[in-house]
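# Observations on the model geometry
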Amino acid sequence: MSTVVIGAGLAGLAAARSLTRAGEDVVVLEAQPFVGGRTRTLRDRLRHGQPADLGASFIDIGQDKLLQYCDELGVALTPQVALFPSDPDGRLTAASPLRTTLVIGGRRLSVCERDRLADEVRTALDTTPPEPTEPVLAWTARAGLTPAARNLFCWQTGYNPVHEASQVPMSMFHPPHVGSVCWMMADGTDALAQALAEGLDIRLEQPVRATRRRRGQLVVETDTDRFSARDVVVATPVTPTLAIGFDPVLPDWKVNALLATPMTQGGKVIGQYADGEVISRALGLSAMSDGPISLIWARPTGPEDTVVVLGLLADRADGVLRDEERCLTVLDDLVAAATGTSPRRLAGVVQDWTQERYAGGVVSMLMGDFPRLPSLLAQSVGPIHFAGEHTAEMWATGMDGALRSGERAAAEVLQRRSTRQPEPLAVG
Amino acid sequence: MDASSNESPRVLVVGAGLAGLTAAHALTAAGLDVTVLEARDRVGGRTYTVREGFADGQHGDLGGELVTIDYRALTALCAAVGVEVSDEVWYERPQARPGETPLEGYLSDGRIIVDGQVLTGGRFAAVDDEIRVALRDTPPAGHEVIEQWTRRAGLSGVARRALAGIARMPVQYDLVHIDAHYLTDAHVGNVRRIVGGSQQLANALARDLRVRLEAPVLCVRQSGGHVRVELENGEQLTADRVVVAIPPFVLPTIGFDPPLPASLIGALTSMQRSRGGKVIAQYAEGDAVRAALSHAVFSDGPLNTAWVSNPYVTSGPAVVSGFFSGADRAVLESEETALAFLDELVGVAVGGPVTRIAQHSKNWTADRYAFAMGVMYNQATRDSLVAQLATPERRVHFAGDFTDLELSGTMEGAVRSGHRVADEILREPTRIPLTEINTRMVRK
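Source: prediction; values computed, not measured. (Residues numbered from 1 in each chain as written. Chains lettered and ligands numbered in written order. Predicted model: local features only at pLDDT ≥ 70, side-chain atom pairs only at ≥ 80, totals over all residues. Heavy atoms only, no water.)

### What to know about the sheet that holds strand 10 (residues 208-214) of chain A
Residues and elements named next belong to chain A.
- Spatially, 12-11-10-14 is the arrangement adopted by the 4 strands of the open sheet, whose pairing is mixed. Each edge of the sheet is formed by a strand with only one pairing partner; in this case those strands are strand 12 (226-229) and strand 14 (245-247). In this sheet, neighbouring strand axes are inclined to one another by 15 degrees on average, regardless of whether the strands run parallel or antiparallel.
- Here strand 10 runs beside strand 11 (residues 217-222); their pairing, made up of 6 bridges, is antiparallel. (Pairing = 2+ DSSP bridges. Helix = DSSP H or I, 4+ residues; strand = E, 2+ residues; numbered from the N terminus. Axes fitted to C-alpha atoms, helices over the stretch in contact; angles between N-to-C directions.)

Right, here's the structure in full:
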C-alpha cells in the first residue's frame, strides 16, 4: 500500500479519507477496538441507548471545518446552546463564564452574589489588562482580586482546558473563544468518526510498535503484523506518539517539541437522571462549581423524561476521578445544589483520560514556545507526517483542528507524490 | 546594592527549601538583612523528614534523600553547618566494566522484579544479555525517548518490563517522558544520606536565619527601585532585592507586576511534571530487609523502586522507601493501597512475609506548594530552559533546583542555585547617591 495512517481519531480518519479520495492506497492502524479516539461515545451504559460522550462534546461557532464535515456526512446537531451569557453590556469577556449558575461550597449563589463576583472580575479585566501568556493565578494576584473571585475564576481551568490552574495562561479565557455559541452532535460525538470511517480500510487493535525506514520504504510494525508504505501519517496524541519507536531516530527538534507539550490531565463524568425537564429547566445554561467537578451542562431531554448531564473535572490528585461511585455522587450533589431538586440517577459513567494508555491526557497544552510549538509538531520528517489536534494551525486542541491537521497531512503526502520519483519497480 | 549607605541591603527570600535557605545563609553571612518567607508551617520544602510512629528513633524522608558523589556543594554545606553525611552504599554495581553505562550498572542478579518475581539465575542472565546487546548494536541517541528506543531496539516484553523499573528510578517519569541520556550518561554510582534525615540540613541552615513560616506570597511588584512583596494575609513588605526560590510549577501561581516575560512563562509551561510521591514504612524484619533492599530494588509494577533508607543503621527494624509516579501516581491517592504495594514488593524481595510497624506517605502532586516531585530536563533543551529560568528580572532573582544547569531535580541543584543567586546579589554594585557623584567624583 502507499500510505499507512497511525490512529483512527478524527485527524487520522480525515487524512485517510482525503488520501483515499485522491486514489491513494491507505490502511489505518488503530490500537483500540474502536475508532474515534478522544471523541469516543458509549451507547450501552445509559438507558434508552442515549449517547455518553466520553471525550469531545462541543462544536463552536467558527469551527467551519468541523461544521462542513458534519454537513457533508449528514451528522445532525442538537439545538444551539450557550454555556454562559454575555456581560450586561453585550460584550463577551473572561468574566462572562462566571455569569452562569455558580455553586460554591455546595451552595448555589444568589444572582446578586454571582453578579458581584463576575462584576469584580470584569472591572479587573478593564483596569488591569492581562498579558496573554500570564498564568491565570498570576493575573488574579496582580489584579488584586478578592480570594472568592480569584478561586472561582481560576477554577475555570478545570473545564477549559481540563487542568488544574497553575500552568494555564490568560489567553485561554481572554477573550473567551469557546462556549458562547455551540452545538453538540445529536447522536453522540463519535457519529462523525463513524461516518468518516465508512469505506476506509481500518485495522482495529493494531497498536504500532515502530516505524522503520528501509531502502526508500517504510515498514510499520504492530504487535502482530507488519505493513509497508511509502508514507506514514502519525495521527496519535502527543504522549502515545512518544511510545512509538522510529528508526532512524526522530531528530532532536521533533522529540523536544513532543516533550515540551504536556497534556492536560482530567476526565469526564456523565449521569442520566429522571425528571429531565425539571432538571434541565432548573439548571439553565450550565453550572460551575468550586468542587471536584468544575462545570456541568445537560443534553436535550431524552425518552421518558430522562436527561443526560455531563461534567468535566481536572485531575487534582484527590482520587475523585479514580472512584466511579464517588465521582457520580459528587455529580448528584452538584446537580442537586445547582437545580434545587433531588435528582434520581438512573445510570452513570466516568472517564479518566489520564489513565488511557492511547490518550495520555485530555488535550495538548501548547503554551510553551507558542506559536512555534504546533508548527514544529506538524513538520514532517521525510516521509513521516504528523497530524492530530496538537499539530493544527487553527483550532488546535479541538475536533476542528484535528480535521484540519488530517487534511494538511494528506496534502503533504500527495504533494510528495507529484514532486518525487515514481515508486521503484519491484525487483525479483 | 542600592540602600542608603549606612543600612545593609534588605533581601526577601521567598521559599525556605534548600535553595532559598542556602541563599539566605550566604547573604546573611555577607552582612545583608535577610528575611525568608515560607508558605508552609515548616522549613525544608521538598526535603521532608518524618519520625512519628517509627520505632528506635528512626525516620524516613518523604522528599529528597539520596546524596551522590556529585553533590559537592551540598556536602560542603553540610560540613559547614555541622550536619553529618552517612557512609556510601552502591546503587550501580561496584565492579563496573570499562565504559559501562549507568543502565548496565543497575543490571544485577536479584534486584529486578518483573511480574511479581525477582529476576535471578538464567532468567536474569537472559535479560542482562539482551539489554547489553541492544545497547551495543542499537545504541540509543542521547535525545531519544527511552520508550521509543525500546521499540526501535526491538526489546522483548520481559526486557522492556525490567527496564520499566530501572528507567523510572533516577527521574520518576514514565518511559515516554525521559530521554536516554539518563540511562547512558547520568551515573548515580554510590549513594549516601544525611544522617538524621535530609531536613537536618534545612533545619541547620534555618537556625540562625529570620524565617517567617505560614507566610504565603501572593504578588511581587517592582517599581521605583524597590520590590514590594504582598502576602496572602494582606501584609506588604519592601526590599531592595527578592529571591524567588520556589518549585517550578508553583512559580506561575504567584502574581508578578510587571508580568514575567512570555519566554520565561513559556519555558515554565512547557515542562513535564514528575508527578507522584513516596511511601515509607518501617519493617520488623530489619536484617532480612537490609540484606535484600539496601542497594535498591526495581519493579515493573506501580511501585517502581524501593530501597532501605537507613542502611547505615545495622540492627533493629529497617525503613524502606518506595516511589509511585507517572501514570501509576493514582495509586498514591489511597495510602492503604499504596502501602499494600510496598508490603508486597518488600515481601517479594525478602522472599517471605514482612511485618510493617509504621508508615507514612506523601503525594507531592496534591501538594499546592509543590504540585510535583520536580522536573528533569531532556538533554537537548536543558541549557536553553535553564538559561531562561535562571535569568533575573531586574531586582527579582530566581533560585531552585530547576535553575541549575547540571543537577536540576536534585538537592545539590537546589544548593548550587542558592549559591548562584547569592553571588548575583552580592555582585550588584551599591548605588552612589547623585550628590555624592557630583561632589566627590566630578573633576572640578
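What follows picks up the thread again.
### Structural notes on the packing of aromatic side chains
- Counted under the stated rule, the structure contains 10 aromatic pairs over all chains.
- Positioned above the aromatic ring of Trp-364 of chain B, the side-chain terminus of Lys-362 of chain B is 4.7 Å from the ring centre. (Phe/Tyr/Trp six-rings, centres within 6.5 Å; stacked < 30°, edge-to-face > 60°. Lys NZ or Arg CZ within 6 Å of the ring centre and 35° of its normal.)

### Brief notes about the packing of helix 4 (residues 121-137) of chain B against helix 6 (residues 157-168) of chain B
Residue and element names in this part refer to chain B.
- Direction vectors running N to C along helix 4 and helix 6 enclose 85 degrees, while the axes themselves pass 10 Å from each other. On the basis of the axis angle, helix 4 is roughly perpendicular to helix 6. The residues of helix 6 that touch helix 4, namely those facing Arg-123, Val-127, Glu-130 and Ile-131, are Val-158, Ala-159, Ala-162 and Leu-163. (Parallel < 35°, antiparallel > 145°, perpendicular 65-115°, else oblique. Contact = heavy atoms within 4.5 Å.)

### Observations concerning unusual backbone geometry
- With omega at 15 degrees, the peptide bond leading from Asn-160 of chain A into Pro-161 of chain A counts as cis.
- Within the secondary structure, Pro-161 of chain A sits in the loop between helix 5 (147-155) and strand 8 (182-183).
- For the peptide bond that leads from Asp-257 of chain B to Pro-258 of chain B, omega is 0 degrees, which places it in the cis range.
- Tracing the backbone shows Pro-258 of chain B in the loop between strand 15 (255-257) and helix 9 (262-269).
- One non-glycine residue, Thr-397 of chain A, lies in positive phi territory at about 75 degrees.

### Quick notes on the interface of chain A and chain B
- Between chain A and chain B, the residue contacts involve 48 residues of the former and 44 residues of the latter.
- When chain A packs against chain B, close to 3,700 Å² is buried across both sides, 54% of that on carbon and sulfur atoms.
- Contact with chain B buries surface across chain A, with Arg-142, Gln-167 and Leu-259 of chain A losing the most and accounting together for 17% of the total.
- The interface formed by chain A and chain B includes 3 salt bridges.
- Arg-322 of chain A is paired through a salt bridge with Glu-333 of chain B; the nearest N and O atoms lie 2.6 Å apart.
- Remark: the boundary between chain A and chain B carries 19 residue pairs in polar contact (both at pLDDT 80 or more).
- Looking at the side of chain A that touches chain B, the elements that each hand over two or more residues are helix 4 (136-142), strand 10, helix 7 (238-241), strand 14 and helix 8 (252-259) of chain A.
- In the side of chain A that touches chain B, the residues fall into 19 nonpolar, 14 polar and 15 charged. (Buried area = accessible area lost by both parts, 1.4 Å probe. Salt bridge = Lys/Arg side-chain N within 4 Å of Asp/Glu carboxyl O. Polar contact = N/O pair within 3.5 Å; in protein donor to acceptor, adjacent residues only side chain to side chain. Nonpolar A, V, L, I, M, F, W, Y, C, P; charged D, E, K, R; others polar.)

### As for the domain arrangement of chain A
- On domain assignment, one finds that chain A holds domain 1 (3-38 + 190-262 + 363-419), domain 2 (43-62 + 181-185 + 264-355) and domain 3 (111-172).
- The straight-line distance from the C-alpha centre of domain 1 of chain A to that of domain 3 of chain A is 36 Å. (Domains from an automatic or database assignment.)

### Regarding the pairing of strand 19 (residues 318-325) of chain B
All names here are of chain B.
- The element strand 19 is largely enclosed, with a buried count of 8 among its 8 residues.
- The side-chain alternation of strand 19 yields two buried faces, one formed by Ala-318, Val-320, Gly-322 and Phe-324 and the other by Val-319, Ser-321, Phe-323 and Ser-325.
- Pairing geometry for strand 16 (residues 276-283) and strand 19, over 8 bridges, is antiparallel. Counted as the bridge partner of Lys-278 is Phe-323 from strand 19.
- Note that strand 18 (residues 303-308) and strand 19 share 5 bridges and pair antiparallel. When the sheet's bridge partners are listed, Trp-307 is paired in strand 19 with Ser-321. (Buried < 20%, exposed > 50% of the residue type's maximum accessible area, 1.4 Å probe, protein only.)

### Concerning the sheet that holds strand 13 (residues 236-239) of chain B
Residue and element names in this part refer to chain B.
- Strand order in this open sheet of 4 strands is 13-12-11-15, and the pairing throughout is mixed. Either end of the sheet is taken by a strand with one partner, and the two such strands are strand 13 and strand 15. This sheet shows a mean twist of 15 degrees between the axes of neighbouring strands, independent of strand direction.

### Overview of helix 10 (residues 286-293) of chain B
All names here are of chain B.
- By the burial criterion, the buried members of helix 10 are Gly-286, Val-289, Arg-290 and Leu-293. Buried residues of helix 10 fall within an arc of 100 degrees about the axis and therefore sit on the same side. Away from its buried face by more than 90 degrees, helix 10 exposes Asp-287 and Ala-291.
- Buried residues along helix 10 sit against strand 16, strand 17 (297-299), strand 18, strand 19 and helix 11 (335-350). (Arc of directions from axis to C-beta.)

### A few points about the pattern of salt bridges
- If you walk through the whole model with that rule in mind, you get 63 salt bridges over all chains.
- A salt bridge links Glu-436 of chain B to Arg-440 of chain B; the shortest N-O distance between them is 3.0 Å. Taken together, the positions of Glu-436 of chain B and Arg-440 of chain B, both in helix 14 (residues 434-441) and 4 residues apart, correspond to about one turn of that helix.
- Judged by its relative accessible area of 54%, Arg-440 of chain B falls in the exposed class.
- Residues participating in the shared-partner salt-bridge network are Asp-87, Asp-89, Arg-99, Asp-119, Arg-122 and Asp-126 of chain A.

### Quick word on the environment of Asp-87 of chain B
Residue and element names in this part refer to chain B.
- As for its placement among the helices and strands, Asp-87 is situated in the loop between helix 2 (72-81) and strand 6 (89-90).
- In this structure Asp-87 comes out as exposed when scored by relative accessible area, which is 67%.
- Sequence separation between Asp-87 and Gln-388 is 301 residues; the distance between their C-alpha atoms is 37 Å.
- Apart from residues lying up to four places away in sequence, Asp-87 is in contact with Val-191 and Arg-192.

### Quick notes on the confidence of the model for chain B
All names here are of chain B.
- For chain B, the average pLDDT comes to 95, and 99% of its residues sit at 70 or higher.
- Under a pLDDT of 50 for its full length, residues 1-6 has, in the predicted model, 16 contacts with residues more than four places off or in other chains.
- For this predicted complex, the interface confidence reaches an ipTM of 0.94, while the overall pTM sits at 0.95. (pLDDT = per-residue confidence, 0-100.)

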